[in-house]
Amino acid sequence: DVQLQASGGGLVQAGGSLTLSCAAYGFTFGDSAIGWFRQAPGKEREGVACISSTDGTAYYADKYYADSVKGRLTISSDRAKNTLYLQINTLTPEDTAVYYCAANVRGTYGSTCLREEYLETWGQGTQVTVSS
C-alpha cells in the first residue's frame, strides 16, 4: 500500500542542526506534491515546507515555506531514492514537535501543499526535541 516513513528525529541541543528524512513506498514522489508538517505541544499542526507544481502540472515545481521558518529550513527531494528531506538549522526549543511528511499522489497547485487538507497521505511522524 501507499506509505510514508519519517525518520531522523531525536534530542538535539539548541543552535544545532538536524536533517529529517521521509521515504515513500507505493508511489513516486516526483509525480506528487510533498511536504513537511509539525505539531508542537498545545498547538495545531502546521505546514512548514513543501514542494508542488507552480502551474498544475508535474513539470514546473517550486518550494514553499511557512513565514515562521524561512531561512532556517530547507526542503529537498531525491527522486531516484524516492525520499524527501528537511534540513533544520539553528534549532531552538520552539522547534520541538512531532514532524510529519505528507503527500498528494496526484499533485497540488502552488502553496496549497502547506495546507494539510490538500495532502491525503501521511507518515507516522518523528519526534524532534530541542534542549536549551
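Residues numbered from 1 in each chain as written. Predicted model: local features only at pLDDT ≥ 70, side-chain atom pairs only at ≥ 80, totals over all residues. Heavy atoms only, no water.

**Student:** Help me understand the pairing of strand E7 (residues 73–78), please; the structure alone is not making it clear to me.
**Tutor:** When a strand is regular, its side chains alternate between the sheet's two faces. Here E7 pairs with strand E8 (residues 83–88) via 6 bridges, running antiparallel. Within E8, the position partnered with Leu73 by the bridge is Ile88. Hairpin connection from E7 to E8: 4 residues lie between these consecutive antiparallel strands, with Asn82 at a positive phi of about 55°. (Pairing = 2+ DSSP bridges. Helix = DSSP H or I, 4+ residues; strand = E, 2+ residues; numbered from the N terminus.)

**Student:** Any chance you could explain the side chain of Asn104 here in plain terms?
**Tutor:** By secondary structure assignment, the location of Asn104 is in strand E9 (residues 97–104). In this structure the side chain of Asn104 is engaged in a polar contact, spanning 2.8 Å, whose partner is the backbone oxygen of Tyr118. When sequence neighbours within four positions are dropped, the list of residues in contact with Asn104 reads Ser32, Ala33, Tyr118, Leu119 and Glu120. (Polar contact = N/O pair within 3.5 Å; in protein donor to acceptor, adjacent residues only side chain to side chain. Contact = heavy atoms within 4.5 Å.)

**Student:** Can you walk me through the nonpolar core in this structure?
**Tutor:** Nonpolar side chains in soluble globular proteins generally cluster together in the buried interior. Membership of the largest hydrophobic core comes to 29 residues, with the highest contact counts inside it found for Leu4, Leu20, Phe29, Trp36, Leu84, Leu86 and Tyr99. Counting only elements with at least two residues in this core, the list comes to strand E1 (3–7), strand E3 (18–25), strand E4 (33–39), strand E5 (46–53), E7, E8, E9 and strand E11 (126–131). Ignoring any residue separated from it by four or fewer positions in sequence, one finds Tyr99 in contact with Ala6, Leu20, Trp36, Phe37, Arg38, Leu86, Ile88, Gly125, Thr126 and Val128. Residues Phe37, Cys50, Ala102 and Cys113 belong to the second largest nonpolar core, which totals 8 residues. (Core = buried A, V, L, I, M, F, W, Y, C linked by side-chain atoms within 4.5 Å. Buried < 20%, exposed > 50% of the residue type's maximum accessible area, 1.4 Å probe, protein only.)

**Student:** I'm lost on the pairing of E11 in this one. Help?
**Tutor:** With burial as the criterion, only one face of E11 is covered, namely that bearing Thr126, Val128 and Val130; the residues Gln127, Thr129 and Ser131 on the opposite face remain uncovered. Here strand E2 (residues 11–13) runs beside E11; their pairing, made up of 3 bridges, is parallel. Each bridged residue has a counterpart across the sheet, and for Leu11 the counterpart in E11 is Thr129.

**Student:** Before we go on, may I ask you to explain the pattern of salt bridges in this structure?
**Tutor:** Working definition: two side chains of opposite charge can pair if their charged atoms are close together. Across all of its chains, the model carries 5 salt bridges by this definition. In this structure, Arg38 engages Asp95 in a salt bridge whose closest nitrogen and oxygen atoms are separated by 2.9 Å. Of this pair, Arg38 sits in strand E4 while Asp95 sits in the loop between E8 and E9, and the two are 57 residues apart along the sequence. With relative accessibility at 0%, the residue Asp95 sits in the buried group. Through salt bridges that share partners, Arg38, Glu46, Arg72 and Asp95 make up one connected network. (Salt bridge = Lys/Arg side-chain N within 4 Å of Asp/Glu carboxyl O.)

**Student:** Would you mind going over the environment of Gln87 with me for this structure?
**Tutor:** Tracing the chain through its elements places Gln87 in strand E8. Put simply, Gln87 and Thr74 are 13 residues apart on the chain and 5.1 Å apart in space, counted from C-alpha to C-alpha. Those residues within four positions of Gln87 in sequence are excluded, and the remaining contacts are Leu18, Thr19, Arg72, Leu73 and Thr74. Looking at Gln87, its side chain comes within polar contact range of the side chain of Asn89, at 3.1 Å.

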